[in-house]
Amino acid sequence: MFSFQTVPSYDDISELYLIADVLITDYSSVFFDYAILKRPILYFVYDYEKYGSVLRGFYLNMETDLPGPLLKTNDDVLAALHDLPAVTQQYAAAYQRFSQRFNAWEDGHASQRVVNTFFADELHH
């Protein structure tokens, strides 16, 4: 089991993705990598209005493009975790659209396509 003290210093976040049943993130791009696993993603965005209008703005439409709910309070996060199957079902279509848009090439055969393309002439002789 990881504690909050060990996770930030853990060397390979992809290993943490594999053992996590759900991702709780804010505005970090980690959700792009985690989405490949097709597991629930919750966005804890307690400062949503300030972040969007004052601090940085957004590259995506946070309300329509993300494959999970925007949660603004600790209670919202706890409620979503408590009823994760319902949240997963509610965001299934959004998750599918997100995956088609951003993960279409993530099918487990990327290396094979690179090798086939790079060595195409040699493979046919």
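In what follows, the structure referred to is the one given above.
Owing to the predicted nature of the structure, the values given are computational and were not obtained by experimental measurement.

Criteria and cut-off values
Residues numbered from 1 in each chain as written. Predicted model: local features only at pLDDT ≥ 70, side-chain atom pairs only at ≥ 80, totals over all residues. Heavy atoms only, no water. Salt bridge = Lys/Arg side-chain N within 4 Å of Asp/Glu carboxyl O. Helix = DSSP H or I, 4+ residues; strand = E, 2+ residues; numbered from the N terminus. Buried < 20%, exposed > 50% of the residue type's maximum accessible area, 1.4 Å probe, protein only. Pairing = 2+ DSSP bridges. Contact = heavy atoms within 4.5 Å. Axes fitted to C-alpha atoms, helices over the stretch in contact; angles between N-to-C directions. Arc of directions from axis to C-beta. Core = buried A, V, L, I, M, F, W, Y, C linked by side-chain atoms within 4.5 Å.

A. Representation of the pattern of salt bridges in the model. Inspection of the entire model under this criterion finds two salt bridges. Across the salt bridge formed by R101 and D65, the nearest N and O atoms sit 3.4 Å from each other. Taken together, the residues span a long stretch of sequence, with R101 in helix 6 (residues 92-102) and D65 in the loop between helix 3 (48-55) and strand 3 (70-71) at a distance of 36 residues. Under the relative-accessibility criterion, R101 is labelled exposed at 52%. Between D107 and R113 there is a salt bridge whose closest N-O contact spans 3.0 Å. Look at D107 and you get partly exposed, because its relative accessible area is 40%.

B. Here's a closer look at the sheet that holds strand 2 (residues 41-44). Read across the sheet, three strands follow the order 1-2-3 without closing on themselves; strand pairing throughout is parallel. Both edges of this open sheet fall to strand 1 (23-25) and strand 3, since each of them pairs with a single strand only. Sheet topology note: the strand 1/strand 2 ladder contains three bridges and is parallel. Bridging across to strand 2, L23 finds its partner in I41. Lying on the sheet, helix 4 (residues 74-82) is in contact with strand 1, strand 2 and strand 3; it crosses strand 2 at an angle near 170 degrees.

C. Quick peek at helix 6. Listing the buried residues of helix 6 in full gives A94, Y95, F98 and S99. Down the axis, helix 6 shows its buried residues gathered within 135 degrees of arc, on one side only. Turned more than 90 degrees off the buried face of helix 6, the exposed positions are Q100 and R101. Buried residues belonging to helix 6 abut helix 2 (30-34) and strand 2.

D. Structural view of the nonpolar core. Ranked by internal contacts, the top residues of the largest apolar core, which has 17 residues, are F31 and I41. Elements represented by at least two residues in this core include exactly helix 2, strand 2, helix 3 and helix 6. Those residues in contact with F31, other than ones at most four positions away along the chain, are L23, T25, I41, Y43, L60, L66 and F98. With six residues, the next largest nonpolar core counts L42, L71, V77 and A80 among its residues.

E. Representation of unusual backbone geometry within the structure. The phi angle at K38 is positive, at roughly 60 degrees, despite the residue not being glycine. With respect to the helices, strands and loops of the structure, K38 is situated in the loop between helix 2 and strand 2. You can call K38 exposed: its relative accessible area is 58%.

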